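# Notes for the structure review
The lines below spell out each chain.
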Amino acid sequence: MKVEPLTKEIPPHLLREVRLEPWAESEQTALMAALEAHHYLGAPDSRQCLLGQVAKLGEQAVGILVWTHAARTLRAREQFVGWDARTRQKRLGYVVQNNRFLVLSEVRQPNLASRILGLAAQALPAQWEEGFGIRPMLAEIPPLPAGGRRLHRVLLQGGSRRLLPSHHSKIEPPTAS
């Protein structure tokens, strides 16, 4: 796998060929080095890398994502989903947080970040459940440095994804059958 920033724009028709998969242990060193070199926060501490995903176009890495457990307390999240302290304690395991997201490119790539995040939202529930035994219901994605101040939330249900509207007040965990 090639882990170097793209220097040319990806033609729009090739975006459909971008695929996302958990990174292999053999790829971790190169991907963490790319995060250290190209992400504005650098690479996260390896203890924070609970699930790593890599977006690929052929054998070229075009994006890297790192997922962790959600922050224990986040006032905006609790207000957004309507949780008090007791509810948060019971349901926090159903929330994951994106720790790093990097599009590996030196040139603007229209729609590539959206494509990668869409693939991540589809793959995340099953990959997280496989690794940790819990199927997450909510993924938190911090805004990009040049972006807005809002924390973006993606509701994960049955492999589908949708951005939660501001009036969404309750998130209930799945009931055991």
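Presented here is a report on the structure given in the accompanying data block. (Residues numbered from 1 in each chain as written. Predicted model: local features only at pLDDT ≥ 70, side-chain atom pairs only at ≥ 80, totals over all residues. Heavy atoms only, no water.)

## Digging into the pairing of strand 2 (residues 51–57)
Counting buried positions along strand 2 gives 7 out of 7 residues, so the element sits mostly inside the fold. Residues L51, Q53, A55 and L57 of strand 2 are buried on one face, and the alternating residues G52, V54 and K56, pointing to the opposite face, are buried as well. Alignment of strand 1 (residues 19–22) against strand 2, held across 4 bridges, turns out to be antiparallel. Note on strand 2: the bridge partner recorded for P22 is Q53. Both strand 2 and strand 3 (residues 60–69) contribute to a ladder of 7 bridges, which runs antiparallel. What sits directly across from K56, in strand 3, is A61. The loop that links strand 2 with its antiparallel partner strand 3 comprises 2 residues; one of these, G58, has a positive phi angle of about 65°. (Buried < 20%, exposed > 50% of the residue type's maximum accessible area, 1.4 Å probe, protein only. Helix = DSSP H or I, 4+ residues; strand = E, 2+ residues; numbered from the N terminus. Pairing = 2+ DSSP bridges.)

## Quick word on the side chain of K56
You can see K56 is positioned in strand 2. A polar side-chain atom of K56 sits 2.8 Å from a polar atom in the side chain of E27. (Polar contact = N/O pair within 3.5 Å; in protein donor to acceptor, adjacent residues only side chain to side chain.)

## Considerations on the pattern of salt bridges
This model, assessed by the stated rule, comprises 6 salt bridges. A salt bridge links K56 to E21; its shortest N-O distance comes to 2.8 Å. Of the two residues, K56 sits in strand 2 while E21 sits in strand 1, which places them 35 residues apart along the sequence. Across the salt bridge formed by R47 and D45, the nearest N and O atoms sit 2.6 Å from each other. Judged by its relative accessible area of 67%, R47 falls in the exposed class. (Salt bridge = Lys/Arg side-chain N within 4 Å of Asp/Glu carboxyl O.)

## What to know about the nonpolar core
The nonpolar side chains of a soluble globular protein tend to be buried, and buried together. Counting 22 residues, the largest nonpolar core has V18, L20, V62, W67 and I116 as its most contacted members. Residue contributions to this core peak at 7 residues, all from helix 4 (residues 112–132). Counting residues in hydrophobic clusters, the runner-up holds 13 residues, among them V3, C49, A61 and L102. (Core = buried A, V, L, I, M, F, W, Y, C linked by side-chain atoms within 4.5 Å.)

## What about the side chain of R100?
With respect to the helices and strands, the residue R100 is situated in strand 4 (residues 95–103). Despite its burial, R100 pairs with no opposite charge; the closest candidate is E36, at 7.3 Å N-O. A polar contact of 2.8 Å, which involves the side chain of R100, links it to the backbone oxygen of G42. Excluding residues that lie within four positions of it along the chain, R100 makes contacts with L35, H39, L41, G42, A43, P44, I64, L65 and V66. (Lys, Arg positive; Asp, Glu negative; His and termini not counted. Contact = heavy atoms within 4.5 Å.)

## Brief notes about the packing of aromatic side chains
Per the stated rule, a full pass over the model turns up 1 aromatic pair. Between the aromatic rings of W128 and F132, the centroid separation amounts to 4.4 Å while the plane-to-plane angle is 40°, which identifies the pairing as tilted. With W128 and F132 both in helix 4, this residue pair falls 4 residues apart, about one helical turn. In this structure F132 comes out as partly exposed when scored by relative accessible area, which is 35%. (Phe/Tyr/Trp six-rings, centres within 6.5 Å; stacked < 30°, edge-to-face > 60°.)

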